[in-house]
6 protein chains.
Amino acid sequence: MTFTRADGRAVDELRPITIERGWSAQAEGSALISFGATKVLCTASFTPGVPRWLNGQGKGWVTGEYAMLPRATNERTQRESVKGKVGGRTHEISRLIGRSLRAAIDMQALGENTIMIDCDVLQADGGTRTAAITGAFVALADSIEWARANKHVARKAEVLKNSISAVSVGIVNGVAVLDLPYEEDVRAETDMNVVMTGNGKFIEVQGTAEGAPFDGTELQALLGLAVTGNAELARIQREVLAK
Amino acid sequence: MTFTRADGRAVDELRPITIERGWSAQAEGSALISFGATKVLCTASFTPGVPRWLNGQGKGWVTGEYAMLPRATNERTQRESVKGKVGGRTHEISRLIGRSLRAAIDMQALGENTIMIDCDVLQADGGTRTAAITGAFVALADSIEWARANKHVARKAEVLKNSISAVSVGIVNGVAVLDLPYEEDVRAETDMNVVMTGNGKFIEVQGTAEGAPFDGTELQALLGLAVTGNAELARIQREVLAK
Amino acid sequence: MTFTRADGRAVDELRPITIERGWSAQAEGSALISFGATKVLCTASFTPGVPRWLNGQGKGWVTGEYAMLPRATNERTQRESVKGKVGGRTHEISRLIGRSLRAAIDMQALGENTIMIDCDVLQADGGTRTAAITGAFVALADSIEWARANKHVARKAEVLKNSISAVSVGIVNGVAVLDLPYEEDVRAETDMNVVMTGNGKFIEVQGTAEGAPFDGTELQALLGLAVTGNAELARIQREVLAK
Amino acid sequence: MTFTRADGRAVDELRPITIERGWSAQAEGSALISFGATKVLCTASFTPGVPRWLNGQGKGWVTGEYAMLPRATNERTQRESVKGKVGGRTHEISRLIGRSLRAAIDMQALGENTIMIDCDVLQADGGTRTAAITGAFVALADSIEWARANKHVARKAEVLKNSISAVSVGIVNGVAVLDLPYEEDVRAETDMNVVMTGNGKFIEVQGTAEGAPFDGTELQALLGLAVTGNAELARIQREVLAK
Amino acid sequence: MTFTRADGRAVDELRPITIERGWSAQAEGSALISFGATKVLCTASFTPGVPRWLNGQGKGWVTGEYAMLPRATNERTQRESVKGKVGGRTHEISRLIGRSLRAAIDMQALGENTIMIDCDVLQADGGTRTAAITGAFVALADSIEWARANKHVARKAEVLKNSISAVSVGIVNGVAVLDLPYEEDVRAETDMNVVMTGNGKFIEVQGTAEGAPFDGTELQALLGLAVTGNAELARIQREVLAK
Amino acid sequence: MTFTRADGRAVDELRPITIERGWSAQAEGSALISFGATKVLCTASFTPGVPRWLNGQGKGWVTGEYAMLPRATNERTQRESVKGKVGGRTHEISRLIGRSLRAAIDMQALGENTIMIDCDVLQADGGTRTAAITGAFVALADSIEWARANKHVARKAEVLKNSISAVSVGIVNGVAVLDLPYEEDVRAETDMNVVMTGNGKFIEVQGTAEGAPFDGTELQALLGLAVTGNAELARIQREVLAK
């Protein structure tokens, strides 16, 4: 209880969150999101038509790609384009983003259209995947409004079923905390990313014991914090989209 | 409650589990494990020395690789060696296997030695990653005994901290069930893989809403089944290793 | 003449050969074959249709792929999927398997269907390519019966023209010997793989002087042993397929 | 003379240029540069030590990499990391950036240190390579000051020999113009990129006839505009670095 | 003025140029060109039809590829096929060759046909890209005559708009010289490749300061030499094609 | 017996063979060899030192690489560098060339030196691998003399144990013939490449039934022709090397 976080936050407090909607002039939807010093540029590219394996089923498709600029991190990391292959971590996060955002969408209402989400980390300080998902939802929502305005989806189609946000929780020095910056992340014994809908349901729970295994009580504490954090993120998303 | 599984099992019942220890004559440890029709060959390769980035720290390393034979599945899938790259799913599972098994090991006690776990799916019918982790633990344990016998680790070193097993749980037709075969897996609304220690702690929780988001109650039901299933797997591992 | 082989075999004697037909529940044809400690899982995948370049010619296609599990060998070898390319030796053997099995088939009678043969070495102790070809023939034969039963080929079509088997011969310590295990293989001055039909004709002869060049007399001795060995393998195949 | 540019600029007028120095908190030097709607994030990563082939010669090394975010352009382009290889255009521009910035540096004075320049195009509207070079110089200069402050280079070492900037010129509708946006670039008959030092010397001249060949008079007109444009860019760089 | 070149040439003198037209029996056009000890085999492959993105526009396409035999150079260089990727320099030169030769062609007159130019350096002594372009023009011209004879282009179509040649110029020891062999190339402070039409117009100007930046006067001197050299190369091409 | 070959040769007659020794000015040994219209440029690159796995054993190493220019064939084939991988056929021939030439060399006498053989097919009309091996031997021999002259091998070291040549034989229209051009090669029922020493011993025998299997009598006829052809090639090599 007497535990103090390096940045002075309460254990159940998010870092300062900002979302610059429409940052990119080129994409159908875009958002530059910050979770503290973590900055991710999220764009949504809307294209009529679907991949071949979905053709003729009257349903749409949403998928995602995640990447980091080489100097988003404290030490430069080599470009995956130069290595000639996408690493395991990148693949894993791209798949997570795609799955999470598909849970926001009624594919039938989207019709035979594809939305490609790109999340590029410009600066990394922990929680890049959760910031990416949270920002991507805003870009996704805007791209659907663009599509509606441009008559690619029906005027009254309820394409968005849920809002989606994500937050990390973890156990640091034996205490469960919300929204870990890099400094806490590397010291966490357990690390969990939780993707939820705006009305409090779970989309994805991914918890990993980095050091010691965790017991059922700790698991419950982490899930509780995640519920709190995602509720706050959903509120911020609503505000930003209301402008 | 009146729900019936296609193979007649109770909702909290595992498929028939068999573990053939020492299947391979070449590896320091090996096991051919079956979860029903799913068959995975797990080998543990013990090598003195560690990767360069660990040199001189007095600690060991354990890592894993997962792959499927092309005709392990009902339709032949292309070899990743021929495609020239390892797919996202393969990467993700390889990373999960490595992380899970590292949780079994006291790296200090292992000393500067590396154990490489290979899990090759010979036949796939759902739950290949959980079978892989459960079988790999047996191969890992045997490779450590081999190393002890061959004086690569100290005679009394307590290298194994925990036993490790994994099981899948999911919600099918609204009912939480244990150890899903392929047929149930494709129909599951929610799918969760849970890796645990032999004494009931969590190593990894990965749950995904494939269809509808799941609420807190469903999450608790799934976690409960996973605890049951992993306890049974830990018992079987103990039996096999006692022989 | 007084030469003794490490495993006590006569110079013209095969290792114990076993063929488990139908080992895999998923493939249209399959066989787990052993030549002594060498174990290869062979599957045949039957698909209606042919590659584009064969379209509309009324003829079928058979091709093969060969691979080794990383710990099939005494020291672990890196996965070709991880390296990102298929090595020269693997390519060479895959091509040999495909060519050899095509010689078994009347492509006109097969019709516009493709059979893909996969040979995965689970344990390697010399002669993996010859075991692969010999086992693959059994898988191939079963896949054709499957296709006949499922009306993909005409009921009376004589798709199989020949049976096919392969065996290695070599000169070790100046003596010509049949079916070399790894231990003899590395010491052989000359190494030859011979693929033959069940009625004693040649499909492929590949002989290489590893040490000293070989003269015409030695070549004749090797060819003689290969004829003997393949005749025995053809007999075993007939027995297995008669069950 | 009566020619009007779509954005109302004079033929020898640059687009609005902005340079945000120190945009990234992680890199030793960084700048977010805009040439109109073109935005490039340039970072300079300073590392003690040199590539192996330069070891022990007492000299440093500077190199560059260029890339575009997938949705920097009006239509999304596929990531090069996903394609598995870096395209010809990217290679060409990366090499140009490296060569150009090396011309700014006294390698002896830099000592055995490496500076890696990353230029990532966040939004593209023509002239991305010239904006990249111009912004990269600012990041480079700051990384050298960082190195001086951190004692990686001698306090009085004159590491920077020149300032470096770059601008595009081209012939559109028969008229030579400075700093082409995308809309002019695609219509240009001739397109030239000119890299110069702050004191008016040439580092690189790359001119290409896209449509009709150009004669000596046109070549002279283009070179004249480039001299004007680069002089203005050098002035802006000086201002920004003086802050 | 008192500067002497190692091979005794005047500063504005080309090396001995030879062009063996029709060297290859297989290609529709071919030339083995020498600039001194530099030897490049250029072939032109004519194919009816165009890449998909040009379909139905009534226009043709010309593209180029450049490569070096591994032992064209004084020290053997590794094959790009073995490395698994084409290097930046190769890409850059291939693109230059394609662009340059497209400037020779009226694509409308060529009709929906594709010409692929291959330039393979058999021996390298500086100026390989300029020799490649100059030789490729001869191969290109012959492939068009072949196409005319075989009725792939109309009898009177004026497919060739210009002749194209290329030459290198550079500043060595402060003196501007024409057509640099390897020995001069490595010592050049500035290096420029200039592609021109037979009637003295510019297609491509690529100049790089390798050492010190160059001023406007030096740039003019280099351009002057390039005009002289290309005029001579155009004369030789006319002679060869007149035979 | 009344069979006539398209080019009028007797069944046991080679095509015109020419070997231009020292064709390349850069390599330590080189030969441009023609078997009729097939032309292969063979170079031998001699380097002091051996690959790491051979270090300190006092023995040398010889290896080979084979490739075709894209337009060596009647229809252009795609470059393997562009495809990003070396094909199975190329790998197979490269390995054959390396193995064959290693049989010529006393590795102990060569000492810790490496010779890399490159065989690049400039024009292909059947028998490219046999021409490559035959020409490569001449390049190899010259590189050893170069090494002797440059004191990389001892003055009296007998590095060359054998001369090596290779020839193709095949059965066309039921008749065994020597040295098949492309036209016969595609029609051959059986195709065999035989590598031999100058004193009539075998290094490699690779025979493949392309159509019908071949019997023992045909095999003997092919081997007989190969002996004749290789004897003649060995005579030509001796003549060329005697100059």
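Residues numbered from 1 in each chain as written. Chains lettered and ligands numbered in written order. Predicted model: local features only at pLDDT ≥ 70, side-chain atom pairs only at ≥ 80, totals over all residues. Heavy atoms only, no water.

Looking now at the overall build of chain A. The number of helices and strands found in chain A is six helices and nine strands. Relative to a compact globule of 243 residues, whose C-alpha radius of gyration would be 18 Å, chain A shows 18 Å and is just as compact. When the backbone C-alpha atoms are referred to their principal axes, chain A occupies close to 55 × 40 × 35 Å. Relative to its 243 residues, chain A shows a buried fraction of 59%. Sequence separation of 24 or more characterises 70% of the internal contacts of chain A that already satisfy a separation of 6 or more. For chain A, the accessible surface area stands at approximately 9,500 Å², while carbon and sulfur atoms represent 50% of it. (Helix = DSSP H or I, 4+ residues; strand = E, 2+ residues; numbered from the N terminus. Rg over C-alpha atoms; globule rule 2.2 N^0.38 Å. Buried < 20%, exposed > 50% of the residue type's maximum accessible area, 1.4 Å probe, protein only. Contact = heavy atoms within 4.5 Å. Areas by Shrake-Rupley, 256 points an atom, 1.4 Å probe, with all protein chains shown as cover.)

Bringing the pairing of strand 6 (residues 164-172) of chain B into the picture now. In summary, the side chains of a regular strand alternate between the two faces of the sheet. Residue and element names in this part refer to chain B. Extensive coverage of strand 6 is indicated by the burial of nine of its nine residues. Summarising the sheet, strand 6 and strand 7 (residues 175-178) pair through four bridges and their orientation is antiparallel. In the strand pairing of strand 7, valine 172 is matched with valine 175. Turn length for the strand 6-strand 7 hairpin, with the two strands adjacent in sequence and antiparallel, is two residues, and the turn residue asparagine 173 shows positive phi of about 50 degrees. (Pairing = 2+ DSSP bridges.)

To continue, consider helix 4 (residues 128-149) of chain E. All names here are of chain E. Over its 22 residues, helix 4 extends 31 Å from the first C-alpha to the last, a length consistent with the 32 Å expected when each residue adds 1.5 Å. Buried residues dominate helix 4, accounting for 19 of its 22 residues. Lysine 151 sits one or two residues past helix 4 and shows a positive phi near 60 degrees. (Expected span 1.5 Å × (residues − 1).)

What follows concerns the arrangement of the chains. In this view chain B stays clear of chain E, with the nearest C-alpha atoms of the two still 11 Å from each other. Left apart from each other, chain A and chain F have a closest C-alpha approach of 11 Å.

Let us look at the relation of the copies chain A and chain D. In this arrangement, two copies of a chain are superimposed by a rotation about an axis accompanied by a shift along the axis. Its rotation angle being 180 degrees, the transformation that places chain A on chain D also includes 0.0 Å of axial translation and leaves an RMSD of 0.0 Å. The superposition of one copy onto the other is thereby described by a two-fold rotation axis. Rotation axis and chain A: the residue whose C-alpha lies nearest the axis is Ser81(A), separated from it by 1.8 Å. Of all interface residues in chain A, 100% are interface residues in chain D too; the two copies therefore contact each other through one and the same surface. (Least-squares fit on C-alpha atoms with pLDDT ≥ 70 in both.)

Right, let's talk about the UniProt feature "domain: Exoribonuclease phosphorolytic" (unreviewed entry) in chain A for a bit. Residue and element names in this part refer to chain A. Under the UniProt annotation, the feature "domain: Exoribonuclease phosphorolytic" (unreviewed entry) is placed at residues 13-143 and 164-227. Overall, residues 13-143 shows 30% helix and 32% strand. The separation of its end C-alpha atoms is 30 Å. A distance of 12 Å separates the end C-alpha atoms of residues 164-227, which is 25% helix and 45% strand. (UniProt positions renumbered as here; feature names shortened; annotations may be inferred.)

Turning to the environment of Leu140(C), a few remarks are in order. Position of Leu140(C) among the secondary structure elements: in helix 4 (residues 128-149). Residues Leu140(C) and Gly29(C) lie 111 residues apart in sequence; the distance between their C-alpha atoms is 6.2 Å.

Moving on, we come to the sheet that holds strand 6 (residues 164-172) of chain F. Read across the open sheet, the eight strands follow the order 7(C)-6(C)-8(C)-9(C)-9(F)-8(F)-6(F)-7(F); overall the sheet is antiparallel. Each of the sheet's edge strands pairs with one partner strand only, and the pair in question is strand 7 (175-178) of chain C together with strand 7 (175-178) of chain F. The sheet shows a mean angle of 15 degrees between the axes of neighbouring strands, taken without regard to direction. Two strands pair when backbone bridges link them, and strand 6 (residues 164-172) of chain C and strand 8 (residues 190-197) of chain C are joined in this way by eight bridges, in the antiparallel orientation. Note on strand 8 of chain C: the bridge partner recorded for Gly170(C) is Asp191(C). On the sheet, helix 4 (residues 128-149) of chain F packs against strand 6, strand 8 (190-197) and strand 9 (202-209) of chain F and is oriented at approximately 165 degrees with respect to strand 6 of chain F. (Axes fitted to C-alpha atoms, helices over the stretch in contact; angles between N-to-C directions.)

All names here are of chain A. Pairing is mixed across the open sheet formed by five strands, whose spatial order is 1-2-3-5-4. Two strands in the sheet have a free side with no partner beyond their single neighbour: strand 1 (17-21) and strand 4 (61-68). Going across the sheet, the axis of each strand differs from the next one's by a mean of 15 degrees, ignoring polarity. Taken together, the 10 bridges between strand 3 (residues 38-48) and strand 5 (residues 113-123) define a ladder with antiparallel strand orientation. If you follow alanine 44 over to strand 5, its bridge partner there is isoleucine 117. Across the sheet, helix 4 (residues 128-149) lies against strand 1, strand 2 (29-35), strand 3, strand 4 and strand 5, angled at about 35 degrees from strand 3, the strand it touches most.

What follows is about the confidence of the model for chain A. A residue-level look at chain A finds 99% of positions with pLDDT of 70 or above and a mean pLDDT of 94. Here the predicted complex scores 0.86 on pTM and 0.91 on ipTM. (pLDDT = per-residue confidence, 0-100.)

Attention shifts here to the packing of helix 2 (residues 88-102) of chain A against helix 2 (residues 88-102) of chain B. Between helix 2 of chain A and helix 2 of chain B, the least distance of the axes is 8 Å, while the angle of their chain directions is 110 degrees. Comparing the axis directions of helix 2 of chain A and helix 2 of chain B gives the class roughly perpendicular. Taken as a pair, helix 2 of chain A and helix 2 of chain B cross one another with a handedness that is left-handed. In contact with Gly88(A), Arg89(A), His91(A), Glu92(A), Arg95(A) and Arg99(A) of helix 2 of chain A, helix 2 of chain B contributes Gly88(B), Arg89(B), His91(B), Glu92(B), Arg95(B) and Arg99(B). Class assignment of the residues belonging to the contact of helix 2 of chain A with helix 2 of chain B gives a composition of no nonpolar, four polar and eight charged. (Parallel < 35°, antiparallel > 145°, perpendicular 65-115°, else oblique. Left-handed = near helix turned anticlockwise from the far one by under 90°. Nonpolar A, V, L, I, M, F, W, Y, C, P; charged D, E, K, R; others polar.)

Take the interface of chain A and chain D next. How big an interface is tends to be reported as the loss of accessible area on association of its parts. Each side of the interface is counted separately: chain A has 34 residues, and chain D has 34 residues. Applying the counting rule to chain A against chain D returns 12 salt bridges. Of the charged contacts in the structure, one is a salt bridge between Arg76(D) and Asp118(A), with a shortest N-O distance of 2.5 Å. Across the contact surface, chain A and chain D share 24 residue pairs in polar contact (both at pLDDT 80 or more). A per-element tally of the side of chain A that touches chain D places strand 5 of chain A first, with six residues. Partitioned by chemical class, the residues of the side of chain A that touches chain D number 15 nonpolar, nine polar and 10 charged. (Salt bridge = Lys/Arg side-chain N within 4 Å of Asp/Glu carboxyl O. Polar contact = N/O pair within 3.5 Å; in protein donor to acceptor, adjacent residues only side chain to side chain.)

Bringing the environment of Arg21(A) into the picture now. All names here are of chain A. Inspection of the secondary structure assignment puts arginine 21 in strand 1. Linking arginine 21 and glycine 135, residues 114 residues apart in sequence, is a C-alpha distance of 8.8 Å. Apart from the residues lying within four places of it in its own chain, the contact partners of arginine 21 are Ser30, Ala31, Val138, Asp142, Val240, Leu241 and Lys243. Within the structure, arginine 21 has its side chain in polar contact with the backbone oxygen of leucine 241 (distance 3.5 Å). Looking at arginine 21, its side chain comes within polar contact range of the main-chain oxygen of lysine 243, at 3.2 Å.

A few words now on the UniProt feature "binding site: phosphate" (unreviewed entry) in chain A. Residues and elements named next belong to chain A. Mapped onto the present numbering, the UniProt feature "binding site: phosphate" (unreviewed entry) falls on Arg89, Gly127, Thr128 and Arg129. Taking the farthest pair of C-alpha atoms as the criterion, the annotated set spanning 41 residues converges on one region, since that pair is 13.6 Å apart. Discounting chain neighbours no more than four positions away, the residues touching glycine 127 are Arg15, Thr38 and Leu180. Mapped onto the elements of the fold, arginine 129 is located in helix 4. Beyond its immediate sequence surroundings of up to four residues, arginine 129 is in contact with Tyr66, Arg89, Ile93, Leu96, Asn193 and Gln206.

What follows is about the packing of aromatic side chains. The tally for this structure, following the rule as stated, stands at 18 aromatic pairs over all chains. Seen from their ring centres, Trp53(E) and Trp61(E) are 5.0 Å apart, and the 80 degrees between their planes marks the pair as edge-to-face. By relative accessible area, Trp53(E) is classed as exposed at 55%. Between the aromatic rings of Phe46(F) and Trp146(F), the centroid separation amounts to 5.8 Å while the plane-to-plane angle is 50 degrees, which identifies the pairing as tilted. (Phe/Tyr/Trp six-rings, centres within 6.5 Å; stacked < 30°, edge-to-face > 60°.)

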